[in-house]
There are 2 protein chains.
Amino acid sequence: MAKNCKVSFSPDQKVVEVPVGTTILSAAMTAGVSLNSLCGGDGVCGRCRVIVREGATSGGTTEFFTRQEIQEGYILACQGRAESNLVVEIPPETRLAGIPQHVVGEIPFLTDLSNLAGRGIRLSSLVRKTYLQLPAPSLEDNVSDLQRLEHGLGRAIDCRNFQMGLKVTRLLPQLLRKADWKVTAVTGHRGPLTEIIDVEAGDTTKRNFCIAADIGTTTVVCHLLDLRDGQTLGRAAKYNSQASFGADVVHRIVYASQEPKHEGALRDAIVSDLNELISELIQRYRLSTGDVTLVSVAGNTAMIHLMLGLPAEQIRKEPYTGAAYHLPPFRAAEAGLQINPRGLLYCAPCVAGFVGADVVGGVFAAGLAHSSETRMLIDIGTNGEIVIGNKDFLVCASASAGPSFEGAECRSGMRATRGAIDHISLLDADHVLNYSTIGSAPPAGICGTGYVDLLAEMLRTGLIDRTGRLNKEASPGRIRIGAHGEAEFVVVPASWTSTGSDLAISQGDIDNIRRAKGAIFAAASVLLDALDMTFKDVAEIMVAGAFGNFLNVGNAVFIGLLPDIPQDRLRFVGNTSIAGAKLAALSSDCYDELFQIASRMTYFELSTAPRFMDEFVAACFFPHTNVEMFPSVMAELSSGKEA
Amino acid sequence: MAKNCKVSFSPDQKVVEVPVGTTILSAAMTAGVSLNSLCGGDGVCGRCRVIVREGATSGGTTEFFTRQEIQEGYILACQGRAESNLVVEIPPETRLAGIPQHVVGEIPFLTDLSNLAGRGIRLSSLVRKTYLQLPAPSLEDNVSDLQRLEHGLGRAIDCRNFQMGLKVTRLLPQLLRKADWKVTAVTGHRGPLTEIIDVEAGDTTKRNFCIAADIGTTTVVCHLLDLRDGQTLGRAAKYNSQASFGADVVHRIVYASQEPKHEGALRDAIVSDLNELISELIQRYRLSTGDVTLVSVAGNTAMIHLMLGLPAEQIRKEPYTGAAYHLPPFRAAEAGLQINPRGLLYCAPCVAGFVGADVVGGVFAAGLAHSSETRMLIDIGTNGEIVIGNKDFLVCASASAGPSFEGAECRSGMRATRGAIDHISLLDADHVLNYSTIGSAPPAGICGTGYVDLLAEMLRTGLIDRTGRLNKEASPGRIRIGAHGEAEFVVVPASWTSTGSDLAISQGDIDNIRRAKGAIFAAASVLLDALDMTFKDVAEIMVAGAFGNFLNVGNAVFIGLLPDIPQDRLRFVGNTSIAGAKLAALSSDCYDELFQIASRMTYFELSTAPRFMDEFVAACFFPHTNVEMFPSVMAELSSGKEA
């Protein structure tokens, strides 16, 4: 039986008893203490800051804190685990009004290892290190060096079908003898074969790391994992440098198809991005390149094509077929990735030209593929992908949303990093009541979740009407014609920002977001319709995506991005794409299952669905032209007018 | 039922009825017509020349004949097959006295495809070409190009686990569309995986060829196979250019181990030899390099190491362990072989440092591994390897013999090619009664089988005594001190040779051959002894080896190379090494089985067997110091003295 310990929360004066090793966030949830902003427990948002005043914790990360804060006891509640009785203080910035409690309670820890065991997933990473103390050869036992290695390894990892390249085989005799037959075998999963990708002298099992990457059209995210225990050590993200060749997938494919040099430029851009993030993580954790033996990639179909130098041209042309959706592992160096020169690159499988490995990983990570009830996954990125299904069927579709939810292509937009406004509430048309920024830093821009809140509040306060038009009369002081000749609403004046400029939302920004949410909602509606279902038939809607931070689901419903169903059936599940890439990296069983899931997913082509364009136009309204679909929103809007 | 046809042999006036498709050699054996010199039916010796006067034949090769001879109807009896009633003339050169009929009757056609079917072996080459007419993609069927290819291929060849490299995948979309979805998939066997090594536009299945190679210490042999039907098209051989770095394996390993440059030089030498032979065969049959997709290699352990650049140093040092005995397929280009750049190189497995893939291939080809009776395989090359066993056990050993049986390191020695004296009989000490040369050309040298005959006849006529010493008094006119200051016997005077020099055998040559046969006989004796067996317990002794031509088994017994057992239990089976390489190339089942056989073979280390040196010294006598082991030889020798 696990030992228990008591965790006290101040200033709430609530105490809860939990097993040793429980995260502070879990303990807070059990205690009914609501913590601020959350990212699916992945530790990426840095918002669940708490101060441990008494007691011992394990886990946690230092990347979001100053030296002084660390000394004061700051820790991320989702990362720190109770090892003894604790006294935990919740600082003011970790509380924000308006976050529905039920959503906090529902956030799953997709890649939490203690959770994985509960889901029957064992740690068996795609690249493994096994330390072997081989018997020295003798006249009675003089098999070849390779056989000796394979016999020892076969016993250690219960495997028989090995394969080793010529280069490593050539080095083997000297290595084994210099290392006195004590070596570490580095092996890679290749379906029915196990590749011995390298052999290292002595015991190097402590140095086996993985980069899990989510390559989005707009954002590239890398996590560094320790393959020994599956822990996530660190995270890094940046905008996809391909953006300069086109904001969306189709523009980039057109560019790449023009001439081979262009294809190379796009490939170089994304490979450089990945290498930059890899290098940053390697340096931050003082690793050497050789310690990273594995890159596990999820991402949309076009991004995976462009990264690997596969021709993507046909993806944008009817009937929208990519070069390859199910790829075997490659040498990471062959794709230009700067990890261990013999390390492997595994790509999660794609389903169609516009339903990629990011979605397949998400379907797995969010548990859709094993669910007995029918669920919906909405993955909001530059493309919005919708999957509806359960353990018996999986149907998917894709709609182009544009990058505004990732903070791109909006005048004051930014990625969900330090200084981004991620939550906003307005008192009235002239006053911002409250906003929060990531890392509690002075505001530098607005990220996706901030825009969702902002539009909902602007709609509530009459700053925009249901078509999205800015209503100058509602706030003559804050709505103006901006420097670009376009109407805009000033969200934060320059004096409060870190940039020294006003943060504003323009009419064009609003229209971008309107179209993005319209496309996603229309895709979900049409796909349901094709299945002869409505939103009421779906047990749960899981919202994944590039929102680096917590989405206010109520506001997402208010603007019509999500349907108006009971909020306990709406769940924000964070970046399920990187969760899928991490699960694949940590478990060869998961990796293999991704391919089965991809094969099970039936793609529904929206571009030929006659209803789609009508539905899209209707869904570009706030919340929708068909107001009956959004009774709670309409009730609130009309009560607001009456007030 | 097979149709029959009648084959008449002249001048014998014998007629036999055989199924259509029977080789003329088989027909002759059935008819009791004895044909001259044979090489195991592999078509390498060019000695079973016959003239087809009437009727239709199939098969055969032109490489041993002049244009005029072809017009006259010359054909090799072992290659030509009766397609109708035939009248076949046996020319004088195809008859030679002294070839025991029983040996002719026993020669197996190791790689004859009609035989293979009888042995339950199906044609399924390691590299296959499959023509596919794929459906074009549509909105209803828009899987990726790679999946489309794999689905089509999977249906065609009943396979599921495919793997394809990044380079080919990158080219796939354009290729499929340019070829209008009609392509040929080139696939390679990789155990549980099938690698799609290339995809070619249109139907290229007619152009799929293989080089099977036997890399001996002294001789390198390549056969060109058509993988469509398994037929052997042509053969080429040359001395191993590594000879200039040392005559035997140990000298070469010592040289290679001195510095990396040396290892490179040995590797370059053998790779150049192979490329020379490959290029010769490609040109002779007007193929392009890209048509050759497969190299299947057998050879001794050291040669395979040196060819692949694997360190061989440990092979010669106790406990004699090589780098790798069971190797996966490699890209042939990675080893420097000039065939299709994406073609594969498969090496048959080795057992120990001195029992190589040549022996494993031989054990399979000669049927030892499946025999219910215990048999012995003696493979005579620069090393002599002995295998004793049956379907239940396989034990093997190796002894260094030197290259004299391959015609090397003897003053007048030469490989078994055109102009080599392959059979000799002496009337008395002063006269050569009869000799034959390969291709009936003027004599240029003496090959291995010629030396066996020569020594037996010299022993019979008293030119040498049982210690091998030349007896000058026996032939004062033909035994002299040669240019090198050494006693020698003139076999053929300069006036009859093509070289313009006398062909002679020196005392040193005799001693080389004496030690070679002593080592092989001693190895067989000691291995039997270790198993508590004698030669009498062996149902059959199969002699394989580098003798390019037919070995006179009676003479081999007479000099004590082979034991004095009933000659119907001795069988010359030719080059079983290349037979093994060919069988592996033609059948992935055979290839897989070679690895099982190699694992079953138990290696017996002779260097630590106390009896070996005594037995070697005893076996260096003619035929042996223990004369009771050779009753028939001693009876003949004493009757000769009495005569």
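Residues numbered from 1 in each chain as written. Chains lettered and ligands numbered in written order. Predicted model: local features only at pLDDT ≥ 70, side-chain atom pairs only at ≥ 80, totals over all residues. Heavy atoms only, no water.

Brief notes about the packing of aromatic side chains
Convention followed: When the centres of two rings from Phe, Tyr and Trp lie within 6.5 Å, Trp using its six-membered ring, the rings pair. Their planes under 30 degrees apart give stacked, over 60 give edge-to-face, and anything left gives tilted. Helix and strand definitions follow DSSP, with helices as H or I runs of at least four residues and strands as E runs of at least two, each counted in order from the N terminus. Between buried and exposed lies partly exposed: a residue is buried under 20% and exposed over 50% of the maximum accessible area for its type, with that area taken using a 1.4 Å probe on protein chains only. When the NZ atom of lysine or the CZ atom of arginine is within 6 Å of a ring's centre and also within 35 degrees of its normal, the charge is said to sit over that ring.
Here the structure, examined in full by the defined rule, presents 12 aromatic pairs over all chains. Considering the side-chain rings of B:Phe245 and B:Tyr255, the 5.0 Å spacing of their centres and the 35 degrees angle between planes classify their relative orientation as tilted. Taken together, the residues span a long stretch of sequence, with B:Phe245 in the loop between β14 (232-239) and α7 (249-258) and B:Tyr255 in helix α7 at a distance of 10 residues. Using a relative accessible area of 25% as the deciding quantity, one classes B:Phe245 as partly exposed. Given a relative accessible area of 22%, B:Tyr255 falls into the partly exposed group. Seen in terms of ring centroids, B:Tyr591 and B:Phe595 are 4.9 Å apart; in terms of plane orientation they differ by 70 degrees. Their pairing is edge-to-face. Of this pair, B:Tyr591 and B:Phe595 both sit in helix α15 (residues 588-600), four residues apart, which is roughly one turn of that helix. One aromatic cluster is present, formed by A:Tyr346, A:Tyr591 and A:Phe595 through successive ring pairs. Sitting over the ring of A:Trp181, A:Arg148 keeps its end group 5.8 Å from the ring centre. Here A:Arg460 stacks its cationic end above the ring of A:Phe558, 4.1 Å away from the centre of that ring.

A closer look at the relation of the copies chain B and chain A
Note the cut-off: A least-squares superposition brings the copies together, and it is based on the C-alpha atoms of residues with pLDDT no lower than 70 in both. The criterion used for residue contact is that any of the two residues' heavy atoms lie within 4.5 Å.
Overlay of chain B on chain A (RMSD 0.1 Å): rotation 180 degrees, translation along the axis 0.0 Å. Taken together, the rotation and translation relating the two chain copies correspond to the operation of a two-fold axis. Ranked by how close their C-alpha atoms come to the rotation axis, the residues of chain B are headed by B:Pro192, at 3.1 Å. Both copies present the same face, since 100% of the interface residues in chain B are matched by interface residues at the equivalent positions in chain A.

Some words on the interface of chain B and chain A
Rules: By buried area we mean the combined loss of accessible area, with a 1.4 Å probe, across both parts when two parts are placed together. Salt-bridge detection follows one rule: a side-chain nitrogen of Lys or Arg within 4 Å of a carboxyl oxygen of Asp or Glu.
Listed as interface residues are 45 residues of chain B and, on the opposing side, 45 residues of chain A. With both sides pooled, the region where chain B packs onto chain A buries about 3800 Å², and carbon together with sulfur makes up 63% of that total. Among the residues of chain B in contact with chain A, B:Leu139, B:Leu166 and B:Arg170 are the three that bury the most area, contributing 17% of the side total. At the surface where chain B touches chain A, the tally comes to zero salt bridges.

Digging into the packing of helix α5 (residues 145-157) of chain A against helix α6 (residues 166-178) of chain A
Residues and elements named next belong to chain A. The following threshold applies: Angles here are taken between N-to-C directions and fall from 0 to 180 degrees, while the axes themselves are lines fitted to C-alpha atoms, restricted in helices to the stretch in contact. For this classification, Asp, Glu, Lys and Arg are treated as charged, while Ala, Val, Leu, Ile, Met, Phe, Trp, Tyr, Cys and Pro are nonpolar and the rest, including Gly, are polar.
Where α5 contacts α6, the axes come no closer than 9 Å and their chain directions differ by 65 degrees. For the pair formed by α5 and α6, the contact residues are Asp145, Leu146 and Leu149 on the first element and Leu172, Pro173, Leu176 and Arg177 on the second. In terms of residue class, the contact of α5 with α6 is made up of five nonpolar, no polar and two charged.

Notes on α6(A)
Two residues of an α-helix separated by three or four positions point the same way, owing to the 3.6 residues in each turn. The criterion, for reference: At every residue, the bend is computed as the angle between two fitted axes, covering the seven residues ending there and the seven beginning there respectively.
The principal kink in α6(A), of about 45 degrees, is found at A:Leu172, preceding the proline A:Pro173 by one to four residues. When α6(A) is considered as a whole, its buried residues turn out to be A:Leu166, A:Val168, A:Thr169, A:Arg170, A:Leu172, A:Pro173 and A:Leu176.

What to know about the nonpolar core
Stated precisely, the cut-off is as follows: For our purposes a nonpolar core is just a set of buried Ala, Val, Leu, Ile, Met, Phe, Trp, Tyr and Cys residues, chained together by side-chain atoms within 4.5 Å.
One finds B:Met307, B:Leu308, B:Leu345, B:Val363 and B:Met601 to be the most contacted residues of the largest nonpolar core, which totals 113 residues. It is helix α8 (residues 260-284) of chain B that contributes the most residues to this core, eight residues altogether. When sequence neighbours within four positions are dropped, the list of residues in contact with B:Leu308 reads A:Leu166, A:Arg170, B:Arg267, B:Leu327, B:Phe330, B:Ala335, B:Leu345 and B:Cys347. By size, the runner-up hydrophobic cluster in this structure holds 112 residues, among which are A:Cys222, A:Val292, A:Ala584 and A:Leu594.

Observations regarding the pairing of strand β10 (residues 182-190) of chain B
Residue and element names in this part refer to chain B. Quick reminder of the rule: When DSSP finds two or more bridges between two strands, those strands count as paired.
Within β10, eight of the nine residues are buried, which leaves it mostly tucked inside the rest of the structure. Direction of pairing for strand β8 (residues 127-133) relative to β10: antiparallel, over a ladder of seven bridges. By the bridge assignment, Lys129 is partnered in β10 with Val186. Bridge count between β10 and strand β11 (residues 193-201): eight bridges; the pairing is antiparallel. The residue bridging Thr187 from the neighbouring strand is Ile196, located in β11. Once β10 ends, the chain turns through two residues before running back antiparallel as β11, passing Gly191 with a positive phi of about 60 degrees.

Looking at the confidence of the model for chain A
Residue and element names in this part refer to chain A. Filter applied, for reference: For every residue, the predictor states its confidence as a pLDDT score lying anywhere from 0 to 100.
Predicted confidence across chain A gives a mean pLDDT of 88, with 91% of residues reaching 70 or more. By mean pLDDT, helix α3 (residues 101-106) is the weakest element of chain A at 26, and strand β17 (residues 344-347) is the strongest at 98. Low confidence marks residues 96-109, where pLDDT is under 50. Its contacts with residues over four positions away, or in another chain, come to 34 contacts. Predicted complex metrics record ipTM = 0.82 and pTM = 0.82.

A word on the side chain of B:Asn575
Residues and elements named next belong to chain B. Rules: Identification of polar contacts relies on pairs of N or O atoms within 3.5 Å, with a donor-acceptor requirement for protein atoms, meaning one able to donate a hydrogen and the other able to accept it, and with residues adjacent in sequence counted only if both atoms are side-chain atoms.
By the secondary structure assignment, Asn575 is in the loop between β28 (570-574) and α14 (576-586). The exposure class assigned to Asn575 is buried, which follows from its relative accessible area of 18%. For Asn575, the side chain forms a polar contact with the main-chain nitrogen of Ile578, separated by 2.9 Å.

A look at the environment of B:Tyr285
Residues and elements named next belong to chain B. Here Tyr285 lies in the loop between α8 and β15 (292-299). You can call Tyr285 partly exposed: its relative accessible area is 24%. As for Tyr285 and Gly234, which are separated by 51 residues in sequence, their C-alpha atoms are 8.1 Å apart. Of note is the side chain of Tyr285, whose polar atom sits 2.7 Å from the backbone oxygen of Leu233.

Some points on the pattern of salt bridges
Under the criterion given, the structure shown has 54 salt bridges over all chains. Between A:Arg480 and A:Glu488 there is a salt bridge, with the nearest N and O atoms lying 2.8 Å from each other. For the salt bridge of B:Asp529 with B:Arg611, the shortest nitrogen-to-oxygen distance reads 2.7 Å. Of the two residues, B:Asp529 is situated in helix α12 (residues 507-530) and B:Arg611 in helix α16 (residues 611-619); the sequence distance between them amounts to 82 residues. B:Arg611 gets classed as partly exposed once you look at its relative accessible area, which sits at 33%. Residues joined in a network through salt bridges with shared partners are A:Glu373, A:Arg375, A:Glu540 and A:Arg571.

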